[in-house]
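# Understanding the architecture of this molecule
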Amino acid sequence: MSFQRTQEKLKILADAAKYDVSCSSSGSNRFNTTKGLGDATGMGICHSYTEDGRCVSLLKILLTNYCIFDCAYCVTRKSNDIKRAAFKVQEVVDLTINFYRRNYIEGLFLSSGIFKSADYTMERLVAVAKKLRLEENFNGYIHLKSIPGASDELMREAGLYADRLSVNIEIPTESGLKKLAPDKKREDFIKPMVKVKNEIIQYKAEKKIIKSTPKYAPAGQSTQMIIGASGENDFQIMQTSNFFYKNYNLKRVYYSGYVPISYDNRLPQIGTAVPMLRENRLYQTDWLMRFYGFDVSEILNEQHQHLDLDIDPKLGWALRNLHEFPVDVNTADKRMLARIPGLGMKSVHKIINARRFRRLNWEHLKKIGVALNRAQYFIICDSNQFEKRDLTSEKIKGLILQNSTSKYRKSLSNQLSLFG
Amino acid sequence: MQAKNLIYDGSFDGFLSAVFHVFELKLKHVTIQNQFENQNVLFSENENIVTEETKANRVWKGLKSRLSSLGRYQLYYAFLSEQPGIEDVLLDYIQYAFSKSNPIDKDYSHPSVLKLAQTAKMVGREKHRMEAFVRFRLTKDHIFFANIEPDFNVLPLIQKHFKRRYADQKWMIYDIKRHYGLFYDLEKVEIIDMDFPTNFDFTKTDSEYFSEQEFEFQKLWQDYFKATNIGSRKNMKLHIRHVPKRYWKYLSEKQPE
Ligand code: SF4
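Since we're looking at a predicted model, the values are computed, not measured.

Take the overall build of chain A next. On a plain count of helices and strands, chain A comes out with 16 helices and twelve strands. Over its C-alpha trace chain A gives a radius of gyration of 24 Å, about what one expects of a compact globule, namely 22 Å for 420 residues. By its C-alpha atoms, chain A is 70 × 55 × 40 Å across when sized along the principal axes. With an accessible surface of roughly 18,300 Å², chain A has 52% of that area assigned to carbon and sulfur atoms. A distance of 4 Å separates the average location of the 64 positive side-chain charges in chain A from that of its 45 negative side-chain charges.

Written as structure tokens, this is what we have:
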């Protein structure tokens, strides 16, 4: 490995890969049973954090940033005047192994621009993963990008070496995709996704019968959507998200606030703020859907197509549904506890455990970690002090905002001033 | 009855031996202190406790029937916090556990249960941090070496993780605050003491001790760390919350160039 050449390539190809946010390393179950290197079990570890506060857990690079496509929202697009580079398969293997041995990373996240053809590119991604597993006896985490349009045969092989496969749909609606990436088709994204989904189901079924069946993409599939590049509203975004969760058994959908990288007039111009607060609200909605028992239509629907920026989506839902409250924390079922603003699932479990010993009052709830500044308007507990005024939604919202120091207050006022 | 202050040798078995002593003599007004922490407790009589494995095991076995496995590991984690006075919280917790027939480890409305859970959580967080922040550096004699300075005594807790993960390389993790380390020789992990050369600077990678390759990979890692950041999303407050400044000095990506 020539140090200088590798260094140059690494700078270019890490920079080009950084906009993909789907870099979690959790959810696999690859044990180090061979006395080899590494394991990928349970929760992934964030070994560091970038200055923008995001987890660094994988070596996230492109194999190459040469690309035959010209997607408007992507720095790697053909028409962009940038330095291009390409790693050799062995270089990626060496970097991964040496970073891993020093405890810098949990594994590799390898994506690529599309050079020559989808299959030609996918073949090389698979070659890296195969080498790591078979020659280096590497059991760390490997996330490969599924290249849109790659053949079923290659996707099958990819899943045998990778923990996770992902293909980014990037643009939430088909009309947006047509506008920004005219040479790409929704079907091309979906084809490898369907193949991987079916393989996962099949391997799991076989594993039940034959123990020695190899693992196939044990951490499943994910995808990413860019937020704020093509004018979709939150309702459309979350509908797409819900559709992909339901139809392709995705483990995760990631939302990535668009970082302006081009003067193309189809897109927000360079200098436009990254919609980070909106991104955060979408993630909160995603969590409500996946872990809090909400149906997406309860939060976003025809009548209500935008998430509030000033309050979180659960509080928003509660304020629209005051008839469901107050909830008695000493008797309510888990489903309803999870719907109280200011209560995370951890607090819900703690309450369920603690109330078996005694009836809980405000003091107990506070100690458990309930955010009472929000929750107090929606609950009663073992105390005769509770909100007795018949407050309107507007009033409650005002009271809560008055007493909260949102970490987003600053970016919120920035974003609001855009309309002001 | 005269109040007692039991002094043990700092080990977990020592602490459990002290607990045994409290139960055996049905002591009422009692505190337990690590010999290194020993401060005179007013109006108390000091008594030294001999560490006895059989007594410690009996207490631990008793706890097995009273606590869930979560409760037991919380107890051990909280012990490793080395916080002043934590022994008395643990003792109160253990006494509460033995006074009830049902497991009490989830009764968060009891002050000692809550305190213990919170302390265990802090220690757990430090364990995870160390699993994340250990940075191995390859020495000239092919050992991947890391030094740490954790807030709590977490080496015993991270051993399993590193052994499982780095089964095919020799490694050493040294706690320079507590002056001991773990060494894995491709077979087993041993607890070791080390004398470092007087000019040894833990924050620097010296070519006298570390392999040539080491410098290249540190450089590549630093480059990677910089390139993967998105400038327009910069958020140092969040960054520092995740990687508090006190950990920076041993992180390869945070070294000045
Ligand atoms: S195909 Fe992928 S890498 Fe190429 S321009 Fe489109 S999004 Fe970028």
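Now that the structure has been shown, the text picks up again.
The next point concerns the sheet that holds strand β6 (residues 107-111) of chain A. All names here are of chain A. Overall, parallel pairing links the six strands, which are arranged β5-β6-β7-β8-β9-β10 in an open sheet. Looking at strand neighbours, the two that pair on one side only are β5 (58-62) and β10 (252-257), the edges of this open sheet. Neighbour to neighbour, the strand axes of the sheet diverge by 20 degrees on average, direction disregarded. Taken strand by strand, helix α6 (residues 186-209) contacts β8 (164-166) and β9 (221-227), and its axis lies near 150 degrees from that of β9. Against the sheet, helix α8 (residues 276-291) makes contact with β9 and β10, and its axis sits at roughly 165 degrees relative to β10, the strand it touches most.

A few words on the state of the cysteines. Residue and element names in this part refer to chain A. Scanning all chains against the criterion turns up one disulfide over all chains. Note on cysteine connectivity: C46 is disulfide-linked to C55, with sulfurs 2.1 Å apart. Sign of the S-S torsion, about -105 degrees for the bond between C46 and C55, identifies this disulfide as left-handed. Judged by relative accessible area, C46 falls into the partly exposed class, the value being 21%.

The next point concerns the nonpolar core. Among the nonpolar cores identified, the biggest contains 123 residues, and I61 and F99 of chain A together with F15 and W171 of chain B are the most heavily contacted of them. When residues of this core are assigned to their parent elements, the largest contribution, nine residues, is made by helix α5 (residues 111-133) of chain B. Setting aside chain neighbours within four positions, we find F15 of chain B in contact with Y8, I32, F79, E87, L90, L91 and I94 of chain B. Core analysis: the second largest hydrophobic core is formed by 74 residues, M238, A318, M345 and A354 of chain A among them.

So, about the interface of chain B and chain A. Accessible area lost during the coming together of the parts is what is often quoted as the interface size. Contacts between the two partners involve 55 residues from chain B and, on the opposite side, 55 residues from chain A. Taking both partners together, chain B and chain A bury about 5,100 Å²; carbon and sulfur atoms supply 56% of that area. When the buried area of chain B at its contact with chain A is split by residue, R165, Y224 and R233 of chain B rank highest and sum to 17% of it. A salt bridge links R165 of chain B to D39 of chain A; the shortest N-O distance between them is 3.2 Å. Linking chain B to chain A there are 29 residue pairs in polar contact (both at pLDDT 80 or more).

Let us look at the pattern of salt bridges. Residue and element names in this part refer to chain A. Under the criterion given, the structure shown has 31 salt bridges over all chains. Note that K130 is salt-bridged to E157, the shortest N-O span being 3.5 Å. In this pair, K130 sits in helix α3 (residues 118-135) while E157 sits in helix α4 (residues 152-161), placing the two residues 27 residues apart along the sequence. Under the relative-accessibility criterion, K130 is labelled partly exposed at 33%. Here E157 falls in the partly exposed class, since its relative accessible area comes to 21%. When the shortest N-O distance is used, the salt bridge between D310 and K397 registers 3.3 Å. A residue pair is termed long-range when its members are at least 10 positions apart, and D310 in the loop between α9 (296-299) and α10 (313-320) and K397 in helix α15 (residues 393-402) qualify at 87 residues.

With that settled, the discussion passes to the pairing of strand β2 (residues 30-34) of chain B. Residue and element names in this part refer to chain B. The buried fraction of β2 is high, at four of five residues. In the sheet, strand β1 (residues 3-8) pairs with β2 via five bridges, with the strands oriented parallel. Within β2, the residue paired with Y8 across the bridge is N34. For the crossover from β1 across helix α1 (residues 12-24) to β2, the handedness is right-handed.

In this section: unusual backbone geometry. Each neighbour pair has its own omega, and for F325 of chain A with P326 of chain A the value is 0 degrees, a cis peptide bond. The residue P326 of chain A is located in the loop between α10 and β11 (327-328) in this model. Unlike most non-glycine residues, K26 of chain B shows phi in positive territory, near 50 degrees. Structurally, K26 of chain B can be placed in the loop between α1 and β2. By relative accessible area, which is 65% here, K26 of chain B ends up exposed. Not every positive phi belongs to a glycine, and L186 of chain B is a case in point at roughly 85 degrees. In this fold, L186 of chain B is placed in the loop between β7 (180-184) and β8 (189-192).

In this section: the sheet that holds β1 of chain B. All names here are of chain B. Taken in spatial order, the three strands of this open sheet run β2-β1-β3, and their pairing is parallel. Of all the strands in the sheet, just β2 and β3 (44-48) have a single pairing partner and so form its edges. Mean inter-strand twist for the sheet, computed between neighbouring axes without regard to direction, equals 25 degrees. Taken strand by strand, α1 contacts β1, β2 and β3, and its axis lies near 155 degrees from that of β1.

So, about the UniProt feature "domain: Radical SAM core" (unreviewed entry) in chain A. Here, UniProt's "domain: Radical SAM core" (unreviewed entry) annotation points to residues 62-197 of chain A. Between the end C-alpha atoms of residues 62-197 of chain A there is a gap of 24 Å, over a span that is 44% helix and 10% strand.

Before going further, it helps to spend a moment on the site of the ligand. The immediate surroundings of the ligand are formed by C67, F69, C71, C74, T76, R77, G113, I114 and K184 of chain A. The class makeup of the residues in the shell around the ligand is five nonpolar, two polar and two charged.

To continue, consider the domain arrangement of chain A. Examined at the domain level, chain A breaks down into domain 1 (3-274) and domain 2 (313-416). Using only C-alpha atoms to locate each centre, domain 1 of chain A and domain 2 of chain A end up separated by 38 Å.

Here we come to the side chain of T240 of chain A. All names here are of chain A. As for its placement among the helices and strands, T240 is situated in helix α7 (residues 234-248). Residue class for T240 comes out buried when judged on its relative accessible area of 10%. Excluding anything up to four places from it in sequence, T240 contacts I169, P172, R186 and M225.

Parameters and conventions
Residues numbered from 1 in each chain as written. Chains lettered and ligands numbered in written order. Predicted model: local features only at pLDDT ≥ 70, side-chain atom pairs only at ≥ 80, totals over all residues. Heavy atoms only, no water. Helix = DSSP H or I, 4+ residues; strand = E, 2+ residues; numbered from the N terminus. Rg over C-alpha atoms; globule rule 2.2 N^0.38 Å. Areas by Shrake-Rupley, 256 points an atom, 1.4 Å probe, with all protein chains shown as cover. Lys, Arg positive; Asp, Glu negative; His and termini not counted. Charge placed at Lys NZ, Arg CZ, Asp CG, Glu CD. Pairing = 2+ DSSP bridges. Axes fitted to C-alpha atoms, helices over the stretch in contact; angles between N-to-C directions. Contact = heavy atoms within 4.5 Å. Disulfide = S-S within 2.5 Å. Buried < 20%, exposed > 50% of the residue type's maximum accessible area, 1.4 Å probe, protein only. Core = buried A, V, L, I, M, F, W, Y, C linked by side-chain atoms within 4.5 Å. Buried area = accessible area lost by both parts, 1.4 Å probe. Salt bridge = Lys/Arg side-chain N within 4 Å of Asp/Glu carboxyl O. Polar contact = N/O pair within 3.5 Å; in protein donor to acceptor, adjacent residues only side chain to side chain. Right-handed = clockwise from strand over helix to strand, strands pointing away. UniProt positions renumbered as here; feature names shortened; annotations may be inferred. Near = heavy atom within 4 Å. Nonpolar A, V, L, I, M, F, W, Y, C, P; charged D, E, K, R; others polar. Domains from an automatic or database assignment.

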